[in-house]
Amino acid sequence: RLQNWDFDAWGGAFGSFPFANDDAVPIAVGNYLGMPVDTVNIVHERGNLEFNGVDTVMLNWNVIGNPNRGNGYADKAAAEVDLENWFGVTKVVWADGPISGDLTAGHIDGFARFIDQDTAVVANCTVSGSCQPGGPDDQVYDATAANLLTAGFEVIRMDFEAEISHGGFSFDANYMNWGVGNGWVILVGFDNPTTDNAAKALLEAWYPGRDVYVIEMLDSWVAGGGVHCHTNDQPTL
C-alpha cells in the first residue's frame, strides 16, 4: 500500500510557490503501480521521519508540531497516537528544537539516523565546526542522544569536524544526510578531502558490504537539500 500524506511546502519556509503537483505525487504513483493509496491527513515530510525498520520512528517535534504545518497537535502524546497507527510502530523517539540555518525547522535526517534496528548515529558539535559544544544546536543533539539511550538504543556520535564556506554561507561539514540503496550509500560531499574521506570511512564501517560514494553537492546544500532530501526508498514489489 501507499500513503498519501498532506504537504504544505514546509510551512512556507522557502517562500510562496505552488505545490499542488507535489502533493499529487502519491496518487500518481499509486495509479502507475496499481496499488491502493491511503489518505493520511497529517502534514509530513520524509526528511523528518527516521525508522529503524522494526518498531521505532524518530522525528523532530519542532517540525510536525510546528504551527506552520497545521497539524494542530496539543502535545507529543497526541501525535504519537497517529504515528503508531499509521506506521505500525510501538516506539516514538523525539528530538525537539530548531536547527540553525535549517529552513525545514529541523528535519531529523540532518542530525540523527538509524544504521540498524538497535543503533542510531547522532550529530555532535565540535570546536572545529560551525556549531559549538554546548550551543543551541548541540543541546538539541545531546537531548536526542539521551532520548535514544533511554529508549534502549546504542548511540554513536558523529562529529562535525570542519566549517565550510560556500556561496556566501558558512556551515558544518554535516554528513548525516546520507542515502541508502541496494548495495550502496551516498554521502553529501563538501569538497573537503580530509572530512570527506573520514566520513566515507565511517560509513563503510557502519554499512559493511555496501559501496560508499561521496558526491560533492555544495550548491544543493546551500539551497537546503542533501542526498536524503533528493532521493528516497522505493520498496521492492
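Everything here concerns the structure above.
Below, the structure is looked at part by part. (Residues numbered from 1 in each chain as written. Predicted model: local features only at pLDDT ≥ 70, side-chain atom pairs only at ≥ 80, totals over all residues. Heavy atoms only, no water.)

1. Describing the packing of aromatic side chains
Next, step 1: In the structure shown here, the tally under the stated rule is 15 aromatic pairs.
Next, step 2: When the ring of phenylalanine 7 is compared with that of phenylalanine 19, the centres are 5.8 Å apart and the planes differ by 85°; the resulting orientation is edge-to-face. A residue pair is termed long-range when its members are at least 10 positions apart, and phenylalanine 7 in the loop between β1 (2–6) and α1 (20–23) and phenylalanine 19 in the loop between β1 and α1 qualify at 12 residues.
Next, step 3: A relative accessible area of 16% means that phenylalanine 7 is categorised as buried.
Next, step 4: On the basis of relative accessibility, which here comes to 28%, the residue phenylalanine 19 falls in the partly exposed class.
Next, step 5: Aromatic side chains phenylalanine 114 and phenylalanine 153 sit 5.2 Å apart centroid to centroid with 55° between the ring planes, which places their arrangement in the tilted category. Of this pair, phenylalanine 114 sits in strand β6 (residues 112–116) while phenylalanine 153 sits in the loop between α5 (136–150) and β8 (154–159); the two residues are 39 residues apart in sequence, bridging distant segments of the chain. (Phe/Tyr/Trp six-rings, centres within 6.5 Å; stacked < 30°, edge-to-face > 60°. Helix = DSSP H or I, 4+ residues; strand = E, 2+ residues; numbered from the N terminus. Buried < 20%, exposed > 50% of the residue type's maximum accessible area, 1.4 Å probe, protein only.)

2. Here's the deal with the side chain of glutamate 50
Next, step 1: Counting through the fold element by element, glutamate 50 comes out in strand β3 (residues 50–51).
Next, step 2: Polar contacts involving the side chain of glutamate 50 include one to the main-chain amide nitrogen of phenylalanine 114, which spans 2.9 Å. (Polar contact = N/O pair within 3.5 Å; in protein donor to acceptor, adjacent residues only side chain to side chain.)

3. Considering the state of the cysteines
Two cysteines, two sulfur atoms, one covalent bond between them: this is a disulfide.
Next, step 1: Inspection of every chain in the model, using the stated rule, returns one disulfide.
Next, step 2: Each sulfur in the disulfide pair cysteine 125 and cysteine 131 lies 2.1 Å from the other. The disulfide joining cysteine 125 to cysteine 131 has a torsion of about -110° about its S-S bond and is therefore left-handed.
Next, step 3: Its sulfur unpaired, cysteine 229 is 17 Å from the next cysteine sulfur, which belongs to cysteine 131. (Disulfide = S-S within 2.5 Å.)

4. A few points about α5
Side chains that are three or four residues apart share a direction in an α-helix, a result of its 3.6 residues per turn.
Next, step 1: When the terminal C-alpha atoms of α5 are compared, their 21 Å separation across 15 residues agrees well with the 21 Å that a helix rising 1.5 Å per residue should span.
Next, step 2: The complete set of buried residues in α5 reads Asp137, Asp138, Val140, Tyr141, Thr144, Ala145 and Leu148. In an axial view of α5, the angular spread of the buried residues amounts to 160°, which keeps them on one side of the axis. Facing away from the buried side of α5, by more than 90 degrees, are the exposed residues Pro136, Leu149 and Thr150. (Expected span 1.5 Å × (residues − 1). Arc of directions from axis to C-beta.)

5. A closer look at unusual backbone geometry
Next, step 1: Non-glycine residue tryptophan 10 carries a positive phi angle of around 55°.
Next, step 2: Mapping tryptophan 10 onto the fold places it in the loop between β1 and α1.
Next, step 3: Given the relative accessible area of 24%, tryptophan 10 is considered partly exposed.
Next, step 4: Phi at alanine 105 takes a positive value of approximately 85°, unusual for a residue other than glycine.
Next, step 5: The topology assignment puts alanine 105 in the loop between β5 (91–95) and β6.
Next, step 6: On the basis of relative accessibility, which here comes to 10%, the residue alanine 105 falls in the buried class.

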